[in-house]
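What follows is the residue order along each chain.
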Amino acid sequence: MSASGSTASGSGPSPAPGSGSPGRGGPGIDRGAVLLVTLGVGLALLASRWLMAQVPRWLPPQASTAAPLVDDLFALEVGIGCFLLLGCTAVIAWTLLFDRADKYDRDDGEPIEGNLKLEITWTVIPLVVVLLLAAQAIRVNGQLASLGGKVRVAGAAEALRLVGVDGVAGFPGPTSVQSSHSSQSSQPSAAQASRASRSMSSTGPSPGVGDPAAELGPVVVIARQWSWEFVYPDGVRSAELHLPVNRPVRFRLVSLDVLHAMSIPAFRLRQDVVPGSVIDYRLTPSREGRYRLRDSLFSGAYFASNQTDVVVESAEAFERWRQAARRSPLAPSPNAATELWSQRQERGNRGWATVPPAPPPLVNVPLDPEAAHEG
Amino acid sequence: MADSLFSTPAALDPTAGPQGSGAAGSPEQGPGHGSGEHAHGGYNLTGFVIFLASESLIFAALFAAYIVLKGSAPLWLPAGVEGLEVREPLINTIVLVSSSGVAWLAERALHRRQLVRFRLWWLLTMAMGTWFVVGQAREWLGLPFGLGDGVFGACFYLLTGFHGLHVITGVLLMALMLWRSFRPGNYDGGEAGVTSVGLFWHFVDVIWIVLFALLYLWQGR
Amino acid sequence: MTTTPIPFDPRTLRAPHPVPGAPDNWRRFFTFNTDAKVIGIQYIALALLFLLVGGLLAMIMRGELITPPADLVDPSVYNGLYTMHGTVMLFLFLFPILNGFNNLLIPPMIGAPDMAFPRLNALAFWMFPVFGVVLMASFLVPGGPASSGWWAYPPLSTQNPLGLLINGQFLWILAVAISGVSSILGAVNFCTTIIRMRAPGMGWFRMPIFCWTALAAQTIQLAGLPVLTAGAVMLLFDLSFGTSFFQPEGGGDPMLYQHFFWFYSHPAVYVMVLPVFGFFSEIFPVYARKPLFGYHVVAIASFGIVFLSLIVWVHHMFTSGTPQWMRHVFMVTTMLIAVPTGIKVFAWLATLWRGKLWLTTAMLFAMGGVFNFIFAGITGIMLATVPVDVHVGNTYFVVGHFHTVIFSTITFGVYAAIYHWFAKFTGRMLYEGLGKVHFVLTFVGAQLNFLPMHWAGLMGMPRRVASYDPEFALANVLASLGAFLLGVAMIPFLLNLVSSWVRGARAPANPWQAIGLEWLLPSPPPAENFEHDVPTVISGPYGYGLGHPLVADQERYEARLKEG
Ligand code: HEA
Ligand code: HEA
Ligand code: CUA
Ligand SMILES: [Cu+2]
């Protein structure tokens, strides 16, 4: 609030002292005006404080380490914004109440053409405010450190090769022919892979899954029209994202067709999944629960139903889940887009043109469409 | 589409073009009205320069696309293509660039009211422009890759094609100016038309120099 | 001026602009007329028609969104609807209507008889119905209209499921391209006119702010549209001719398109808002009876905005994998826009301060618009903050932000301009009573419609969805009710426009006792404005209460109006 406090001198009802007093008392700064302005500023500050306190009520639960940082920054902006808006509104309201011409009064107002001091004030104050905000945002952004590097690839097949995933349902790429991800035969990607490890800060040859002290990952996130699939380093495939609480996790984001975005409002995090690039991303969940993971970058007809859940659970529960997953066979996950599409076919394929949905992902752990989510 | 843009002010507006008057210049209104900054004759060039400045940004954008893609694309030259042959395009380039000088000679002749000489130089400029277009077409026909062959193919054909369209437009505009030069009294009101087309031609040449450097000289990656 | 009927003069249609005293005939609005005032009205009328079309699409969308599941229309249809809603509103309503005001206002305000290139002007106008028809035709082609959003991001926009050459997306690109050409032609014309055709004595700093903002906005068009055109051409090639500029399989990069698109489409929002800043700057002095506060700074700030607008586009791509340093640079440049914009806002408030306010409908819309703009600007700053945008970007928070600008500020400003200048250019007064009903309904409807969207966005509701999770239901019900109220608000407005034009009271030359060259002309002004008797400007544009005349010989011009 310190920043917004300093705006008090320039943006509230304070054009008053510069261009005459707010009352009808004639020129000069009289005591009444000062008192009124101080009172107004005080009230505006109180109102801004109050509004800042409301911020958590507008937002989903804070389920990642990023959330409190983002929320505090947002609350700060709400406070400053509220103060500014109140200040400007006060001026508008004041003129509406006290500066209206009488019905038959056709005279002109006081011909004030400008006031240099005032103009400098209201140039400098917003400048300072936004620069401080930007500095704070850069700090927060540094703490989040969620976005890693990215590697350009020529299409989905190469992306899958790069992240070492094969056998993606119905995917016609050469990967489905290849035997396993340990194979060294993927020639064109050798150079890519070395570029990848340079820009993607790899954690060594065998990334941690079981070791709760190490970072989890990389979990490969495969987005397509319209499903999500998560492939863990030990080969477990899931249509829901399960994460142990308080353990950093690293993702590699791959799109097999068009642009998508992985958005988890409870985490306050969102990252586009870009075809032609493999993007490195990391975060740390901090609260157990089941939250929505949504596609948030328009991806075509069934975009709206392209959502799944993130389940954040204790380290033990996660380990149990993982072991169970390893034992369950691969099966197609229930998929909203596929269902909507088949309903559409039954109704005679009416509607506007769209590509058909990709086959539902083949996973060890299917999506539970009924489970209740928290945010 | 850029071409119709250019021809519009000259071709559609009889008061525009070499006759010079811009706005409300119906002859019956006569000169000497009291609008100070609102002088006749100069708007065409003003408008045209503004338009060219804007047009140059399309090329700037295409160049930027080329540079970015060339710098980052995981695939560049289509399979089996080594690079572009430079020799013939270089000759074309020399012809096109020197035509700018010839155009300048033509303009100078016109300025001195040497109408015949103007037409000859002007015709030569047109011929050199045509030579360039034909050369470009021949190159296109001989290339082992097409528009659909990766980003490189797409960029190559789009850039050269878009520039080629401008060359063709320039030649057509010069033809129009040539034709108009036979109208009696055509230059009484000034030479804004020829000046504009000349400007356009120099513009097209400068663009080509950049394009040539980008496409042919900067082939390594 | 036009009270005595004059026989039809066939030169009207062929001359660069109609000879003075041409018949006051409604048919001229359907011809290739080169009179800027006719063209201006053509633009505005057609644009308002498309406001209804875009609004109708919005009504259907809000009908779909009033309940969580996609029950009113198929999701694929919803996608086409919102894509076309955005496109129609921007390219067929907002840009054209502002060009209409450029045509109406610029020549009279600077004392020019017409635009610099009247035929080019008419040509630019007639492209508008052409691309309007092209875009509307895309509803009829197999597969339906474009449905990849108004961004048309590839590879989605190049998917072409039916494999036809002529498809909705193809027509969409075509329409946008024609619109771009038309806008460039317009921009060349407006800039040349303002630079070259000002009345004697009207130096840059005696020009009305509207002309400053129009020049600023058109500069953006000239700088940005070519880049969009380049992007659109590449997209068209990818869609129809199998190139791979943006297709990863051929080595292309979808991100490149995003840069092209936003390099123009971000500045484009200032193309839309700058003229409205101009409206506000014209309207406040008139109805507050005070000079515009800080005229010089307000004028120059327009170009500050132009400059900054060209270097902030990446704020639409904060999560596209844009490297951290780039996000930071663009966050700072974006936030800096608050400075020149703030200068303008504070100048307006100071203009109101201690004025003698006349609360006409125009004034109400202008004040309401500024209030909404401050709110929207603040949410804009929030979106510019990278960590906040990471949460709320691509949610309804953004939809709320930009409708608060684009509807609650810009469209408000357009309404204000209509109420302010209608009398001048039609010669008829609008009914103030209906105008105030229109204002109240619109103001309430807009808040009800767009405020809850911010809340939905904060909770995480993505934009562009036909169905959504039940926790967003309340916000959407409120928004839909607000939207329907906005639909109702159109009734008094349209009624007012039509009935006033047909049989409203005759307007005097200067009903608002306003200062400005356009108010020294009869209502409506004759075809060539001052013709060859252009006044010499001898003082700044907003001399309210200062007592000095605007032009030399002002009494003569005023006397002439009385006898007219
Ligand atoms: C049409 C007009 C218009 C205008 C004028 C603006 C103005 C601004 N916009 Fe907005 N914007 C849009 C239209 C507009 N926008 C549209 C259409 C989109 C979405 C497009 C799409 O995705 O489909 C969008 C989206 C958009 C985004 C992207 C969000 C996302 O997709 O994730 C961002 C992010 O930075 C942004 C920021 C801003 C900012 C900082 C301003 C600034 O110019 C605001 C400046 C004004 C003020 C700040 C208020 C007045 C100033 C003061 C009172 C001074 C004091 C203030 C402070 C100290 C803060 N806008
Ligand atoms: C000038 C620009 C403009 C304007 C004025 C509006 C006005 C409105 N917009 Fe729009 N909107 C956009 C530009 C605009 N919009 C853009 C660019 C997008 C983004 C698209 C994209 O994501 O790609 C968007 C997206 C958008 C969405 C989000 C869609 C989504 O993401 O899923 C919504 C949802 O509510 C919406 C609603 C509205 C409403 C209710 C109005 C109301 O203000 C409309 C008020 C109604 C009227 C003014 C007319 C009422 C008419 C009638 C009642 C019928 C009469 C009809 C006839 C006789 C033909 N708009
Ligand atoms: Cu007549 Cu200019
Ligand atoms: Cu923007």
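Residues numbered from 1 in each chain as written. Chains lettered and ligands numbered in written order. Predicted model: local features only at pLDDT ≥ 70, side-chain atom pairs only at ≥ 80, totals over all residues. Heavy atoms only, no water.

What follows covers the packing of aromatic side chains. Within the structure shown, the criterion is met by 80 aromatic pairs over all chains. Relative to Phe152(B), the ring of Phe145(B) has its centre 5.3 Å away and its plane inclined at 55 degrees; by these criteria the two rings are tilted. You can call Phe145(B) buried: its relative accessible area is 5%. For Phe152(B), a relative accessible area of 3% translates into the label buried. When the centroid spacing of 5.3 Å and the interplanar angle of 70 degrees are considered together, the rings of Phe277(C) and Phe373(C) count as edge-to-face. Of this pair, Phe277(C) sits in helix 7 (residues 254-288) while Phe373(C) sits in helix 11 (residues 361-384), and the two are 96 residues apart along the sequence. With respect to burial, Phe277(C) and Phe373(C) carry one shared label: buried. Site record: aromatic cluster; members linked through ring pairs are Tyr66(B), Trp76(B), Phe132(B), Trp140(B), Phe145(B), Phe152(B), Phe156(B), Tyr157(B), Trp208(B), Phe212(B), Tyr216(B) and Trp218(B). Across from the ring centre of Tyr557(C), 4.8 Å away, lies the NZ or CZ of Arg556(C), which sits over that ring. (Phe/Tyr/Trp six-rings, centres within 6.5 Å; stacked < 30°, edge-to-face > 60°. Buried < 20%, exposed > 50% of the residue type's maximum accessible area, 1.4 Å probe, protein only. Helix = DSSP H or I, 4+ residues; strand = E, 2+ residues; numbered from the N terminus. Lys NZ or Arg CZ within 6 Å of the ring centre and 35° of its normal.)

Attention shifts here to the sheet that holds strand 7 (residues 260-264) of chain A. Residues and elements named next belong to chain A. Judged by pairing direction, the sheet is mixed, and its five strands sit side by side in the order 5-11-10-7-8 without closing on themselves. Pairing within the sheet leaves two strands with one partner each, and these edge strands are strand 5 (241-244) and strand 8 (269-273). Taking each pair of neighbouring strands and ignoring which way they run, the sheet shows an average axis angle of 20 degrees. Direction of pairing for strand 10 (residues 289-295) relative to strand 11 (residues 307-313): antiparallel, over a ladder of six bridges. Among the inter-strand pairings, Arg290 is bridged to a residue of strand 11, identified as Val311. This element, helix 9 (residues 315-327), spans strand 5 and strand 11 of the sheet and lies at about 140 degrees to strand 5. (Pairing = 2+ DSSP bridges. Axes fitted to C-alpha atoms, helices over the stretch in contact; angles between N-to-C directions. Contact = heavy atoms within 4.5 Å.)

What follows concerns the site of ligand 1. Taken together, 33 residues lie around ligand 1, and Trp150(C), Tyr270(C), Asp389(C), His401(C) and Arg463(C) are the ones closest in. Chains contributing residues to the immediate surroundings of ligand 1 are chains A and C. In this structure, Asp389(C) approaches ligand 1 through a side-chain N or O atom, which is 2.5 Å from an oxygen atom. Taking His401(C), its side chain carries an N or O atom lying 3.0 Å from a nitrogen atom of ligand 1. (Near = heavy atom within 4 Å. Polar contact = N/O pair within 3.5 Å; in protein donor to acceptor, adjacent residues only side chain to side chain.)

So, about the site of ligand 2. Residue and element names in this part refer to chain C. Lining the immediate environment of ligand 2, one finds 35 residues, of which Arg62, Tyr78, His85, His403 and Arg464 sit closest. Side-chain polar atom of Arg62 to an oxygen atom of ligand 2: 2.7 Å apart, as the coordinates give it. Between ligand 2 and Arg463 there is a distance of 3.0 Å, counted from an oxygen atom to a side-chain nitrogen or oxygen.

Moving on to the interface of chain B and chain A. Contacts between chain B and chain A engage four residues on the former and four residues on the latter. On inspection of chain B and its partner chain A, the count reaches zero salt bridges. By residue class, the composition of the side of chain B that touches chain A is three nonpolar, one polar and no charged. (Salt bridge = Lys/Arg side-chain N within 4 Å of Asp/Glu carboxyl O. Nonpolar A, V, L, I, M, F, W, Y, C, P; charged D, E, K, R; others polar.)

Contacts between the two partners involve 100 residues from chain C and, on the opposite side, 99 residues from chain A. Here chain C meets chain A over a buried area of about 8,500 Å², counting both sides, of which 66% is carbon and sulfur. Interface area lost by chain C to chain A is led by Phe346(C), Trp353(C) and Arg354(C), which between them contribute 11%. For Arg292(A), the salt bridge identified is with Asp469(C), shortest N-O distance 2.8 Å. Residue assignment for the side of chain C that touches chain A shows that the elements contributing at least two residues are helix 3 (75-110), helix 7, helix 8 (295-309), helix 9 (324-336), helix 10 (338-352), helix 11, helix 12 (386-392) and helix 14 (432-459) of chain C. Looking at which element gives the most residues to the side of chain C that touches chain A, the answer is helix 10 of chain C, with eight residues. Of the residues assigned to the side of chain C that touches chain A, the class counts are 59 nonpolar, 28 polar and 13 charged. (Buried area = accessible area lost by both parts, 1.4 Å probe.)

Residues and elements named next belong to chain C. Protein-derived coordination of the iron atom of ligand 2 comes from His85 (NE2) and His403 (NE2), at a distance range of 2.0 Å. Each of the six donor atoms around the iron atom of ligand 2 contributes to a set of angles spanning 88 to 179 degrees, which defines the coordination as octahedral. Of the two residues, His85 is situated in helix 3 and His403 in helix 13 (residues 396-426); the sequence distance between them amounts to 318 residues. Take His85 and His403: they sit in the same class, and that class is buried. (Donors = N, O, S within 2.8 Å, 3.2 Å for Na, K, Ca; no water. Tetrahedral: all angles 85-135°; square planar, octahedral: opposite > 155°, others 65-115°.)

Below, the discussion takes up the pairing of strand 6 (residues 249-255) of chain A. Residue and element names in this part refer to chain A. Most of strand 6 sits inside the fold, with seven of its seven residues counted as buried. What you see with strand 6 is no split at all: Val249, Phe251, Leu253 and Ser255 on one side and Arg250, Arg252 and Val254 on the other are buried throughout. For strand 2 (residues 216-224) and strand 6, the ladder comprises six bridges, and the chain directions are parallel. Paired with Leu216 across the two strands is Val249, which belongs to strand 6. Judged from the five bridges that link them, strand 6 and strand 9 (residues 277-283) form a sheet pairing that is antiparallel. When the sheet's bridge partners are listed, Leu253 is paired in strand 9 with Ile279.

A word on the pattern of salt bridges. Summed over all chains, the structure comprises 29 salt bridges over all chains. Across the salt bridge formed by Glu471(C) and Arg294(A), the nearest N and O atoms sit 3.6 Å from each other. Within this pair, whereas Glu471(C) is found in the loop between helix 14 and helix 15 (473-503), its partner Arg294(A) is found in strand 10, the two belonging to separate chains. Its relative accessible area of 33% is what places Glu471(C) among the partly exposed residues.

Before going further, it helps to examine the coordination of the iron atom of ligand 1. All names here are of chain C. Counting protein donors around the iron atom of ligand 1 gives one, His401 (NE2), at 2.2 Å. The copper ion (ligand 4) is placed at 4.6 Å from the iron atom of ligand 1. As for its placement among the helices and strands, His401 is situated in helix 13.

This part takes up the sheet that holds strand 9 of chain A. Strands in a sheet are paired, the pairing made by backbone hydrogen bonds, and the direction either parallel or antiparallel. All names here are of chain A. Spatial ordering of the open sheet is given by 1-9-6-2-3-4, a layout of six strands whose pairing is mixed. Among the strands making up the open sheet, the edge pair consists of strand 1 (147-152) and strand 4 (237-238). Bridging between strand 2 and strand 3 (residues 227-231) involves five bridges; their strand directions are antiparallel. Counted as the bridge partner of Val220 is Val231 from strand 3.

All names here are of chain A. The domain boundaries assigned to chain A delineate domain 1 (32-96 + 125-145) and domain 2 (147-363). In this complex, domain 1 contributes twelve residues to the contact, which on the side of domain 2 involves twelve residues. A combined buried area of about 1,000 Å² lies between domain 1 and domain 2, and 57% of that area is made up of carbon and sulfur atoms. Together, Pro61, Ala63 and Ser64 form the three largest contributors to the area buried by domain 1 at its contact with domain 2, with a combined 44%. For the salt bridge of Arg268 with Asp71, the shortest nitrogen-to-oxygen distance reads 2.7 Å. Where domain 1 touches domain 2, the interface holds eight residue pairs in polar contact (both at pLDDT 80 or more). Here the side of domain 1 that touches domain 2 is built from residues that sort into eight nonpolar, three polar and one charged. (Domains from an automatic or database assignment.)

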